[in-house]
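Structural features, examined
What follows is the residue order along each chain.
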Amino acid sequence: MRRLRELALRPQFTTDLLQILKSVVAATAAWWVSTTVLSSPLPFLAPWTALLTVHATVHRSLSRGVQSTVASTLGVGLSFLVGAYLGVSVWTFALALFVGLAGARISWIRDEGIAIATTAIFVLGSGFSEQQPLLLDRIIEVGLGVGIGVAVNLLVIPPLRDQQASRYVDSINRRIGDVLVNMADEFSNSWETDKAEAWREEIESMTHELNTAWQSARFATESRRYNPRARLARRSRPGEEVSYENILERVDEGISHLRHLARTLYEAAYAEGAWDEDFRERWTTIVRDTGLAVADPDADVEPVLGRLTALARDLSHKHDLPAESWPLYGSLLSGVRHIVVIIDDVASAREAREAGASNPRTSGSS
């Protein structure tokens, strides 16, 4: 029950459930209008096109709806041309499918081009002799289904995908922070190269999750296009709109610097000479606090950028620090500094996301 409850609370689950319900509403409404108002002998055309039109974003419903209308209309026209002039037989049925599938390759209707062939199947396979005088009615049913599908997706809780994109960003941030904390804990004592290998594997896993996050962010951007919920949110909360693409670019930079840190520590395991204990203690404390700040921006952590500068300054005054140690220590300091700078951008973006989530018009299914 706990796992089912967690599943039900995920934004993806709520969004998918709403899309299913809206598809059912759109197709059922189109079927009812087709049978009750139009008294159609082919009541499946309208609900079928309505089902095709309810997509995951309003923008996609509009663009795909236009494609579905064009493709289905071409399919109806193709069916009547073949049936009226060549008759319905095995060979003409195959010809209609061939032409329909070839037409599906047209670039500007490619996403829904298959509807040319499937519409031809419906019309030719459902008693063409009875449907021949009703060409205009079939086209009206196609338009009816598309119109109802677009209207339902536009008016009934138009889908936003911001929460899904935000979820990925927060997940990657937590993982980056956990690796930094683990680095600090291990490096504060004796550690083995196996740990660095484990960090690198975790970082590669983050990279794969980041690719998924990019797809979700692009989906979130698309979901705001032509979406009345997004417009209402902008009116009620004026200001700069959150760009998940910019956020993920910064997160990607953070992963790159984290990978650099893991590689540096891996190679440092084979370096000769003992670590400077003052550097080791202060650097690991800074890295641990940085990790806590990345994983949880609400954590009460002392600002670390000034501490990094102070550590570098103090080391520069150490006369007993071997000269060959500076490239290694400098690499570790600069790597953490880059991540610290990224923290501010990520934290600012998080505040902007939370400001949007706290708005009752943008919370809920998104």
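These notes cover the structure that comes with them. These numbers were taken from a predicted model, which means no experiment stands behind them.

On a plain count of helices and strands, the protein comes out with 15 helices and 0 strands. With 366 residues in all, the protein has 45% of them scored as buried. If you take every contact in the protein between residues at least 6 apart in sequence, the share linking residues at least 24 apart comes to 83%. When the accessible surface of the protein is totalled, it reaches about 18700 Å², and 58% of it is carbon and sulfur.

Moving on, we get to a nonpolar patch on the surface. A grouping of Trp31, Trp32, Val37, Leu38, Leu136 and Ile140 is seen on the molecular surface, where their side chains present a nonpolar patch of about 640 Å² in accessible area. Ranked by residue count, the leading element in the nonpolar patch is helix α2 (residues 11–37), at 3 residues. Relative accessible area serves as the criterion here: at 48%, Trp32 is assigned to the partly exposed category.

With respect to the secondary-structure elements, Tyr168 resides in helix α9 (residues 162–187). Residues contacting Tyr168, with those up to four places away along its chain left out, are Glu209, Thr212, Ala213 and Ser216.

With that settled, the discussion passes to the nonpolar core. Across soluble globular proteins, you tend to see nonpolar side chains buried next to one another. By size, the foremost hydrophobic cluster in this structure holds 46 residues, and its most contacted members are Ile176, Leu180, Met183, Leu258, Phe279 and Trp283. Of all elements in the fold, only α9, α10 (193–223), α12 (244–268), α13 (277–295), α14 (305–316) and α15 (326–357) reach the threshold of two or more residues within this core. Counting residues per element, this core draws most heavily on α12, at 11 residues. Discounting chain neighbours no more than four positions away, the residues touching Leu180 are Leu258, Leu261, Val287, Thr290, Gly291, Val294 and Ile339. Counting residues in hydrophobic clusters, the runner-up holds 11 residues, among them Trp48, Ala71, Val82 and Ile116.

Let's shift gears to the packing of α13 against α14. Two quantities define a packed helix pair, namely the angle between the axes and the distance from one axis to the other. At a minimum axis distance of 11 Å, the contact between α13 and α14 shows a crossing angle of 165 degrees. Relative to α14, the element α13 lies roughly antiparallel. In this structure, α13 meets α14 at a crossing whose hand is left-handed. Where α13 abuts α14, its residues Phe279, Arg282, Trp283, Thr285, Ile286 and Asp289 lie against Arg307, Leu308, Ala310, Leu311, Asp314 and Leu315.

Our focus in this paragraph is the packing of helix α4 (residues 58–86) against helix α5 (residues 90–103). With their axes 10 Å apart at the nearest point, α4 and α5 run at an angle of 150 degrees to one another. The orientation of α4 with respect to α5, classified from their angle, is roughly antiparallel. For the element pair α4 and α5, the recorded crossing hand is right-handed. Residue-level contacts link Leu78, Val82 and Leu86 of α4 to Thr92, Leu95, Ala96, Val99 and Gly100 of α5. Its residues assigned to classes, the contact of α4 with α5 comprises 6 nonpolar, 2 polar and no charged.

This part is about the side chain of Ser40. With respect to the helices, strands and loops of the structure, Ser40 is situated in the loop between α2 and α3 (45–53). Residue classification places Ser40 among the buried residues on the basis of a relative accessible area of 10%. Within the local environment of Ser40, its side chain forms a polar contact with the side chain of Glu141, the two groups lying 2.5 Å apart. Not counting residues up to four positions away in its chain, the partners in contact with Ser40 are Ser34, Thr35, Arg138 and Glu141.

Over its 12 residues, α14 extends 17 Å from the first C-alpha to the last, a length consistent with the 16 Å expected when each residue adds 1.5 Å. All of the buried residues in α14 are Arg307, Leu308, Ala310, Leu311 and Leu315. When α14 is viewed along its axis, its buried side chains cluster within an angular range of 165 degrees and face the same direction.

Note on pairing: side chains with opposite charge can pair once their charged atoms come close. Scanning all chains against the criterion turns up 9 salt bridges. Put simply, Glu253 and Arg250 hold a salt bridge, and the shortest N to O gap is 2.4 Å. Note that Glu253 and Arg250 are positioned in helix α12 at a spacing of 3 residues, about one turn of the helix. Of the residues examined, Glu253 reaches a relative accessible area of 35% and is grouped as partly exposed. Notably, a salt bridge pairs Arg307 with Asp289, separated by 2.9 Å at the nearest N-O pair. Here the residue Arg307 occupies a position in helix α14, and Asp289 occupies one in helix α13, the gap between them amounting to 18 residues.

Overall, the coordinates contain 4 aromatic pairs when judged by the stated rule. Here the aromatic rings of Trp48 and Phe122 are separated by 5.1 Å at their centres, their planes lie at 85 degrees, and the arrangement is edge-to-face. Of this pair, Trp48 sits in helix α3 while Phe122 sits in helix α6 (residues 115–124); the two residues are 74 residues apart in sequence, bridging distant segments of the chain. Residue Trp48 is classed as buried on the basis of its relative accessible area, which comes to 19%.

A separate point is α13. The end-to-end C-alpha distance of α13 is 27 Å, a good match for the 27 Å that 19 residues give at a rise of 1.5 Å each. The set of residues buried in α13 consists of Phe279, Arg280, Trp283, Thr284, Ile286, Val287, Asp289, Thr290, Gly291, Ala293 and Val294.

Okay, unusual backbone geometry next. In most cases, non-glycine residues show a negative phi, while peptide bonds are predominantly trans. Even without being a glycine, Ser39 presents a positive backbone phi close to 50 degrees. Residue placement: Ser39 occurs in the loop between α2 and α3.

What follows deals with the environment of Thr264. Its location among the elements puts Thr264 in helix α12. On the accessibility criterion, Thr264 (9% relative accessible area) is buried. C-alpha separation for the pair Thr264 and Ala196, spaced 68 residues apart in sequence, amounts to 9.2 Å. Setting aside residues up to four positions removed in sequence, Thr264 forms contacts with Leu328, Ser331 and Leu332.

Rules and cut-offs
- Residues numbered from 1 in each chain as written.
- Predicted model: local features only at pLDDT ≥ 70, side-chain atom pairs only at ≥ 80, totals over all residues.
- Heavy atoms only, no water.
- Helix = DSSP H or I, 4+ residues; strand = E, 2+ residues; numbered from the N terminus.
- Buried < 20%, exposed > 50% of the residue type's maximum accessible area, 1.4 Å probe, protein only.
- Contact = heavy atoms within 4.5 Å.
- Areas by Shrake-Rupley, 256 points an atom, 1.4 Å probe, with all protein chains shown as cover.
- Patch = residues over 30% accessible without salt bridge, like charges linked within 9 Å, V, L, I, M, F, W, Y side chains within 5 Å.
- Salt bridge = Lys/Arg side-chain N within 4 Å of Asp/Glu carboxyl O.
- Core = buried A, V, L, I, M, F, W, Y, C linked by side-chain atoms within 4.5 Å.
- Axes fitted to C-alpha atoms, helices over the stretch in contact; angles between N-to-C directions.
- Parallel < 35°, antiparallel > 145°, perpendicular 65-115°, else oblique.
- Left-handed = near helix turned anticlockwise from the far one by under 90°.
- Nonpolar A, V, L, I, M, F, W, Y, C, P; charged D, E, K, R; others polar.
- Polar contact = N/O pair within 3.5 Å; in protein donor to acceptor, adjacent residues only side chain to side chain.
- Expected span 1.5 Å × (residues − 1).
- Arc of directions from axis to C-beta.
- Phe/Tyr/Trp six-rings, centres within 6.5 Å; stacked < 30°, edge-to-face > 60°.

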